Amino acid sequence: MDEAVVLPAGDLWGILAFLCAALWNLPAVPALNSTDQAGASRSIQQTYDLTQYLEQQLRALAGTYLNYLGPPFNEPDFDPPRVIGAEAVPSATVDFELWHSLNDNARLAANYQAYSHLLCYLRAMDGATPVATPTLRHSLAHFRASLQGLLGSIAGVMSSLGYPLPPPVPAGIPTPHSHFLRKMDDFWLLKELQIWLWRSAKDFNRLRKRVPPASVMLRLDARDF
């Protein structure tokens, strides 16, 4: 029977020191999954906060702009059917069961394309109000910049989750010949913005509940370490 080999205490400490040095100098392997998920969580939270901020902005802007359009657009009971001149304004009236049956990629792509269209119309609205008050022009410009920020934020969420951006929307939009139809387009633009922002807030609220916050991911990483 072989006898156990007992190493001197000095040799044991030397081996431990060698192993520690080797482990310390191993190349760091990035935790891609946890890092990406933490980044996605931050992007989702920021986008959710931005939708709520835009909802507040739009409530103030819509009242001012509808008063600028005058009757019947500023009357609380005004609820016209959609007309041909407003067809290109993207509608959010999608069946809720159908909407919830879509995956995250499809819903994010729909949000991105809708706000791309709406932003084009908002630019046209801003350029068609030369007689508006400076306050209204400033509010429109501020809201337009915020909506551009939301579009970029949605793109950031899609990128962080590994989803490709949908194709760009056509640059041109139809211009109604009638002054009344142009006002009708503006009316529907404000209405669709309200519905889409409400829908987006719901979407990103559900999405942020499924993706753990960055602080949770950091605690999990520390526990694993």
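Residues numbered from 1 in each chain as written. Predicted model: local features only at pLDDT ≥ 70, side-chain atom pairs only at ≥ 80, totals over all residues. Heavy atoms only, no water.

With an unreviewed UniProt entry as reference, the protein chain is termed Cardiotrophin-like cytokine factor 1, source organism Sphenodon punctatus. Looking at the Sequence similarities (unreviewed entry) heading of the UniProt record, one finds this comment for the protein chain: "Belongs to the IL-6 superfamily." UniProt lists a comment for the protein chain under the heading Function (unreviewed entry), and it reads "In complex with CRLF1, forms a heterodimeric neurotropic cytokine that plays a crucial role during neuronal development. Also stimulates B-cells. Binds to and activates the ILST/gp130 receptor." (UniProt positions renumbered as here; feature names shortened; annotations may be inferred.)

A. Representation of the overall build of the protein chain within the structure. Helix and strand counts for the protein chain stand at 7 helices and 0 strands. Residue burial in the protein chain is summarised as follows: out of 225 residues, 37% are buried. The contacts of the protein chain with a sequence gap of at least 6 include a subset with a gap of at least 24, amounting to 88%. Just so you have it, the protein chain exposes about 13700 Å², and 62% of that area is on carbon and sulfur atoms. (Helix = DSSP H or I, 4+ residues; strand = E, 2+ residues; numbered from the N terminus. Buried < 20%, exposed > 50% of the residue type's maximum accessible area, 1.4 Å probe, protein only. Contact = heavy atoms within 4.5 Å. Areas by Shrake-Rupley, 256 points an atom, 1.4 Å probe, with all protein chains shown as cover.)

B. Here's a closer look at the pattern of salt bridges. Using the criterion set out here, one finds 5 salt bridges in the structure. Ionic pairing is found between aspartate 104 and arginine 210, a salt bridge with its closest N-O pair at 2.5 Å. Within this pair, whereas aspartate 104 is found in helix α4 (residues 104–127), its partner arginine 210 is found in helix α6 (residues 179–210), the two being separated by 106 residues in sequence. Residues joined by salt bridges that share partners form a network here, namely Asp104, Arg107 and Arg210. (Salt bridge = Lys/Arg side-chain N within 4 Å of Asp/Glu carboxyl O.)

C. How the structure looks around the confidence of the model for the protein chain. In this model, the protein chain carries an average pLDDT of 75, and 68% of its residues clear a pLDDT of 70 or more. Within the protein chain, helix α7 (residues 214–224) has the poorest average pLDDT of any element, 38, and helix α5 (residues 134–160) the best, 92. Every residue in residues 15–32 is under pLDDT 50, and counting partners more than four places away or in other chains gives 1 contact. (pLDDT = per-residue confidence, 0-100.)

D. The packing of aromatic side chains, seen in detail. Enumeration according to the criterion identifies 8 aromatic pairs in this entry. Geometrically, the ring pair formed by phenylalanine 73 and phenylalanine 187 is tilted, given 6.2 Å between the ring centres and 50 degrees between the ring planes. Remark: phenylalanine 187 occurs in helix α6 and phenylalanine 73 occurs in the loop between α2 (32–69) and α3 (96–101); sequence separation between them is 114 residues. You can call phenylalanine 73 buried: its relative accessible area is 2%. On the basis of relative accessible area, phenylalanine 187 is assigned to the buried category, the value being 9%. On the numbers, 6.3 Å between centres and 65 degrees between planes, the contact of tyrosine 115 with tryptophan 196 is edge-to-face. Here tyrosine 115 is found in helix α4, whereas its partner tryptophan 196 is found in helix α6, with 81 residues between them in sequence. Through a chain of ring-to-ring contacts, three or more aromatic side chains come together here, namely Phe73, Phe78, Phe180, Phe187 and Trp188. Over the face of the ring belonging to tryptophan 99 we find arginine 199, whose NZ or CZ atom lies 4.3 Å from the ring centre. (Phe/Tyr/Trp six-rings, centres within 6.5 Å; stacked < 30°, edge-to-face > 60°. Lys NZ or Arg CZ within 6 Å of the ring centre and 35° of its normal.)

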